[in-house]
Amino acid sequence: MPDSVSIREVGPRDGLQNEEPIPTDAKVRLLDALSGTGVRRIEAVSFVRPGAIPQMADADEVWRRITRAPQVRYSALVPNIRGAQRALAAGFTEIEVVVSASDTHNRRNVNRATDESLDDIAELIDLLHGAGAQAEVIVATSFGCPYEGDIDPSRVAGIVDRVVRDGADRVGFGDTTGMATPRRVRELLTEVRDRNAHIPVLLHFHNTRGTALANMLTALELGVTEFDTSIGGLGGCPYAPGASGNLATEEAVHMLHDMGVETGIDLDALLEVAELAERLVGRQLPSGVLRAGPRSRLTPLPTP
């Protein structure tokens with residue numbers, strides 16, 4: 001079991017892209033609040049076509065207006081070369097691109113086959129490296145697809161083989177609709193590491209079916225130290241039915257700290273930001289720790 005883990009907060013991007021659009025001021029307020037919780041990595045925005053994801057139409061303005069904390073590493077997600085050029089022009093040096101292991105989901109997401117996306121990603125990696133930026137390739141639907149069903153771990157490992165050859169600096173595995181279970185996490189990580197033991201790995205779990213913390217624990221036991229989480233459990237995928245609910249950051253931190261695994265994040269400050277996020281999106285968020293509080297919170301006895 002590792003002594004510490006690195007949490008990347010994805011609420012401002014992955015979380016908000018599945019909500020009704022909120023004002024730019026609110027996005028800036030959320031990002032600035034998250035930057036003060038001790039979290040060291042934040043996925044801030046995505047540079048996508050506004051017609052496809054209108055929730056991210058103001059990405060450039062949000063990025064210009066936030067107060068960038070020197071201790072936080074900010075990253076952006078891009079769908080293609082054009083998005084990567086915009087991210088580089090904005091000054092990002094950590095950039096993520098997504099490809100789906102499921103051909104059907106990839107077509108729904110970016111209107112092309114998985115192999116076509118991989119060809120573009122090879123060119124995108126060269127572009128990023130030429131500009132001095134790092135490229136992370138996230139493999140969506142790594143544990144299953146709502147259209148195709150189970151995804152063979154060997155298919156995901158084959159995608160990793162390709163992007164590693166093309167120069168990816170790290171890879172992530174997305175549980176896009178919450179189809180992962182501890183068994184499937186173990187199978188996938190074993191397959192990938194047998195073929196590419198050196199590549200840094202990040203896992204992105206959804207709690208759609210209530211398995212996110214169990215999946216995180218399994219990955220921890222296998223030595224994984226990088227995870228995506230989302231404040232309040234915000235998030236999902238607009239191209240995958242039933243994909244609501246990323247693993248809530250405060251739920252992950254609450255469990256990790258009780259296990260003696262350090263994150264550098266202040267849980268009390270995080271809960272305040274989760275309450276803010278709930279107010280900003282105007283609905284109750286699914287986080288259990290937000291509802292009940294940490295396990296150390298006691299209930300006072302009634303006054304006689």
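To be clear, the structure that these remarks concern was listed above.
Residues numbered from 1 in each chain as written. Predicted model: local features only at pLDDT ≥ 70, side-chain atom pairs only at ≥ 80, totals over all residues. Heavy atoms only, no water.

Next up on the list: the sheet that holds strand 1 (residues 6-9). The strand order around the closed barrel built from 8 strands is 1-2-3-4-5-6-7-8, with neighbouring strands paired in parallel fashion. Pairs of neighbouring strands in the sheet enclose a mean axial angle of 30 degrees, with direction left out of account. As judged from the 4 bridges shared by strand 1 and strand 8 (residues 226-229), these two strands associate in the parallel manner. Bridging from a neighbouring strand, Arg 8 pairs with Asp 228 of strand 8. Running at roughly 155 degrees to strand 6 (residues 170-174), helix 7 (residues 153-165) makes contact with strand 4 (94-100), strand 5 (134-140) and strand 6 of the sheet. (Pairing = 2+ DSSP bridges. Helix = DSSP H or I, 4+ residues; strand = E, 2+ residues; numbered from the N terminus. Axes fitted to C-alpha atoms, helices over the stretch in contact; angles between N-to-C directions. Contact = heavy atoms within 4.5 Å.)

Next up on the list: the environment of His 257. The topology assignment puts His 257 in helix 10 (residues 249-258). Remark: the alpha-carbon pair of His 257 and Ser 4, spanning 253 residues in sequence, is separated by 9.3 Å.

Before going further, it helps to examine empty space enclosed by the protein. Per the stated rule, a full pass over the model turns up 2 cavities of 30 Å³ or more. Its volume calculated, the largest cavity comes out at about 60 Å³. For the largest cavity, the full set of lining residues is Arg 8, Arg 41, Ser 75, Glu 94, Ile 95, Glu 96, Gln 134, Ala 135, Glu 136 and Arg 170. Mapped onto the lining of the largest cavity, the elements with two or more residues apiece are strand 4 and strand 5. Class assignment of the residues belonging to the lining of the largest cavity gives a composition of 2 nonpolar, 2 polar and 6 charged. What the second largest cavity holds in volume is close to 40 Å³. Taken together, Pro 12, Lys 27, Leu 31, Ala 44, Val 45, Gln 55, Met 56, Asp 58, Ala 59 and Val 62 form the lining of the second largest cavity. For the lining of the second largest cavity, the secondary-structure elements that each account for two or more residues are helix 2 (24-35), strand 2 (41-46) and helix 3 (59-65). Across the lining of the second largest cavity, the residue classes break down as 7 nonpolar, 1 polar and 2 charged. (1 Å grid on protein atoms, 1.4 Å probe; cavity = no way out; pocket = protein on both sides within 12 Å on 5 of 7 lines; lining within 4 Å. Points joined across faces, edges and corners; volume = space filled by probe spheres on them. Nonpolar A, V, L, I, M, F, W, Y, C, P; charged D, E, K, R; others polar.)

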